[in-house]
Amino acid sequence: MSISNYALDKFVAQDMSKLTQLSIQSLAEEFPNADKWLEQFVLRRIFQAHVSDEKAALAFAIIRRTHASLQEWELASAAAQDDLRSIGTFFSVLRHLESCISSVWQGLEFVRKSLGENLFKNGDGSVYERMNWVYNVSRHFDPEALPQGDTHPVWLSDQAMHTREHAVSFDELREAIKMLAHVSEEVAGT
């Protein structure tokens, strides 16, 4: 059954009919050892004591969030290869990207706290402020309080995740994942 552009946009998700090809490029080749980070971290801790007991929980948290963000990114990338006019495909991609940005943001917060630095200043419009916004909007919203015409607080375009106020491009999200992945590789010792 084919659904009209009007029906997709009105009854499924904002701007869904405009989707043609999502630019969610795989990171699997850049981080082929990601599935081994946790094991490597544990072995390195046992044999090299490279992370103190006081910092072990923080290191685990960063690696776990980074690994989760990579997994969700890969699932979104794979799902985005299917028919974007399919309601199931759209929601699969959206779910994976919302989970991805959640893991990325939590990982960034752990890194920020460990360094004692802020990632952004309110109103600076930086990628980190926008990521924080999208993350919070996807987590803390009242479905009955969405603006007229919105069916979701977060929606997709070919290039980005959007809210009414801010957008985070897939390239920006991909770069944040890569930055966290490099931190996790360091901590894991790969």
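As the structure is a computational prediction, the values presented were derived from the model and not from experiment.

## Remarks on the overall build of the protein
So, step 1. Across its full length, the protein holds six helices and three strands.
So, step 2. The order of α-helices and β-strands along the protein, N terminus first, is α-α-α-α-α-β-β-β-α.
So, step 3. Considered along the principal axes of its C-alpha atoms, the protein spans approximately 60 × 35 × 25 Å.
So, step 4. By residue count, 44% of the 190 residues in the protein fall in the buried class.
So, step 5. Here the protein contributes 18 positive and 27 negative side-chain charges, whose respective centroids are spaced 4 Å apart.

## Observations regarding the packing of helix α5 (residues 127-139) against helix α6 (residues 170-188)
So, step 1. Where α5 meets α6, the closest approach of the two axes is 11 Å, and the angle between their N-to-C directions is 100 degrees. One element, α5, and the other, α6, form an angle in the roughly perpendicular class. Of α6, the residues touching α5 (which contributes V127, Y128, R130 and M131) are E172, L173, A176 and M179.

## A short note on the environment of E165
So, step 1. Mapped onto the secondary structure, E165 falls in the loop between β2 (160-162) and β3 (167-169).
So, step 2. It is 47 Å that separates the C-alpha atoms of E165 and Q48, two residues lying 117 residues apart in sequence.
So, step 3. Polar contacts involving the side chain of E165 include one to the side chain of W133, which spans 3.2 Å.

## A few points about helix α4 (residues 87-115)
So, step 1. With 29 residues, α4 should cover 42 Å at 1.5 Å per step; its first-to-last C-alpha distance of 42 Å lies within 8% of that length.
So, step 2. Trailing α4 by a residue or two, G116 shows a phi angle of about 70 degrees, which is positive.

## Focus on the pattern of salt bridges
So, step 1. In total, this model carries eight salt bridges according to the counting rule given.
So, step 2. Between E175 and K178 there is a salt bridge whose closest N-O contact spans 3.5 Å. Highlighted residues: E175 and K178, both in helix α6, separated by three residues, approximately one helical turn.
So, step 3. Taking relative accessible area as the criterion, K178 reaches 16% and is therefore assigned buried.
So, step 4. Taken together, the shared-partner salt bridges connect E30, R174, E175 and K178 into one network.

## Concerning the packing of helix α2 (residues 37-48) against helix α3 (residues 53-79)
So, step 1. At a minimum axis distance of 10 Å, the contact between α2 and α3 shows a crossing angle of 165 degrees. When the interaxial angle is binned, α2 and α3 end up roughly antiparallel. Viewed along their axes, α2 and α3 form a crossing whose handedness is right-handed. Facing α2, whose interface residues are W37, L38, F41, V42 and R45, α3 presents D53, A56, A59, F60, I63, R64, T66, H67 and L70.
So, step 2. The residue inventory of the contact of α2 with α3, partitioned by class, reads nine nonpolar, two polar and three charged.

## Here we look at the confidence of the model for the protein
So, step 1. Taken as a whole, the protein shows an average pLDDT of 93; of its residues, 99% reach a score of 70 or greater.
So, step 2. Averaged over each element, pLDDT in the protein is lowest for α2 (91) and highest for β3 (98).

Rules used throughout
Residues numbered from 1 in each chain as written. Predicted model: local features only at pLDDT ≥ 70, side-chain atom pairs only at ≥ 80, totals over all residues. Heavy atoms only, no water. Helix = DSSP H or I, 4+ residues; strand = E, 2+ residues; numbered from the N terminus. Buried < 20%, exposed > 50% of the residue type's maximum accessible area, 1.4 Å probe, protein only. Lys, Arg positive; Asp, Glu negative; His and termini not counted. Charge placed at Lys NZ, Arg CZ, Asp CG, Glu CD. Axes fitted to C-alpha atoms, helices over the stretch in contact; angles between N-to-C directions. Parallel < 35°, antiparallel > 145°, perpendicular 65-115°, else oblique. Contact = heavy atoms within 4.5 Å. Polar contact = N/O pair within 3.5 Å; in protein donor to acceptor, adjacent residues only side chain to side chain. Expected span 1.5 Å × (residues − 1). Salt bridge = Lys/Arg side-chain N within 4 Å of Asp/Glu carboxyl O. Left-handed = near helix turned anticlockwise from the far one by under 90°. Nonpolar A, V, L, I, M, F, W, Y, C, P; charged D, E, K, R; others polar. pLDDT = per-residue confidence, 0-100.

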